[in-house]
Amino acid sequence: MRLTEASLCGYCGEPATEIEHVIARQFFPAADHERKKNIPRIPACRACNAAKQKSEDTMGVFLTVSSSDESAKKVMEERIGRTLRKNQRIRRLIRDNLVATESGVGFGVPLDEQGEEIDFWDWLVRGLYYYELQTPMRVDEDLHIALVDVKGPLERSRPLMPVRRNVQYRTYAGKDMQTYFSVDGDRQCWLIEFRNRKILVTNVIEAGSQLEQDLHEMPRYRLSR
Ligand SMILES: [Zn+2]
């Protein structure tokens, strides 16, 4: 991936000024150098890169304090300290939302704060889209982002995908992140597993489909924007 005069930002389509990782390398603490190599990189403009980094810092805090997974706790240790020092709002958010769980202390992201997590998945999918298709997704594309509650390997969630033609499977940084995706003309769907979260992102909601029904029954998971 090289930056040229003609390079456009993979997120907004404006002229690009830098090359950046679609998902920050710091999210993969256990991955060694070789494994980190296949984290996709795309051209970006400074404004998008800065906004995305902010979203990743917030997500890093959410993932770390809400996970009982040891490797996740190590994620971005340094950056989290920095984020928390800089960001009083997130500090307060964490302090006010700690809950006792069987394994100790947990953290629930309040519904009205989930927008920050949605932003993270939105950035990620737009980056992956550019990486796969070499063109930015439409900025006004209406993406529906849903938390998937299906136990077991990610493959079991595949029937939820509303676009099933030509489904591709990819892994990044070993198997730290896995994706199934399908792009069929204007229709697209992504199924992502990352740090104990399974997320479905699509611009297709078919009337009468299982997905539409699920979103209706679980409005709190209807993370669309
Ligand atoms: Zn941009």
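Here the structure is a predicted model, which means the values were calculated and not measured.

A. Quick look at the overall build of the protein. Counting its regular elements, the protein contains 7 helices and 10 strands. A sequence separation of at least 24 residues applies to 61% of the contacts in the protein between residues at least 6 apart.

B. Structural context of the confidence of the model for the protein. Looking at the protein, the pLDDT average stands at 80 and 75% of residues meet or exceed 70. Taken element by element, the predicted model of the protein shows its lowest mean pLDDT in strand E10 (residues 223-224) (40) and its highest in strand E2 (residues 41-44) (96). pLDDT under 50 marks residues 219-225. Its contacts with residues more than four places away, or in other chains, come to 13 contacts.

C. Quick peek at the nonpolar core. Of all hydrophobic cores here, the largest spans 39 residues; its most connected members are Ala 44, Trp 121, Leu 124, Val 125, Trp 190 and Val 201. Counting only elements with at least two residues in this core, the list comes to E2, helix H2 (46-65), helix H6 (114-133), strand E5 (144-147), strand E7 (177-184), strand E8 (187-194) and strand E9 (197-202). When residues in this core are grouped by element, the largest group, 8 residues, is from H6. Formed jointly, this core draws a minimum of three residues from each of two domains, domain 1 (18-112) and domain 2 (136-224). Setting aside residues no more than four positions away along its own chain, Val 125 makes contact with Leu 143, Trp 190 and Val 201.

The rules behind each value
- Residues numbered from 1 in each chain as written.
- Predicted model: local features only at pLDDT ≥ 70, side-chain atom pairs only at ≥ 80, totals over all residues.
- Helix = DSSP H or I, 4+ residues; strand = E, 2+ residues; numbered from the N terminus.
- Contact = placed C-beta atoms within 7 Å.
- pLDDT = per-residue confidence, 0-100.
- Core = buried A, V, L, I, M, F, W, Y, C linked by C-beta atoms within 7 Å.
- Buried ≥ 20, exposed ≤ 12 C-beta atoms within 10 Å, placed from the backbone.
- Domains from an automatic or database assignment.

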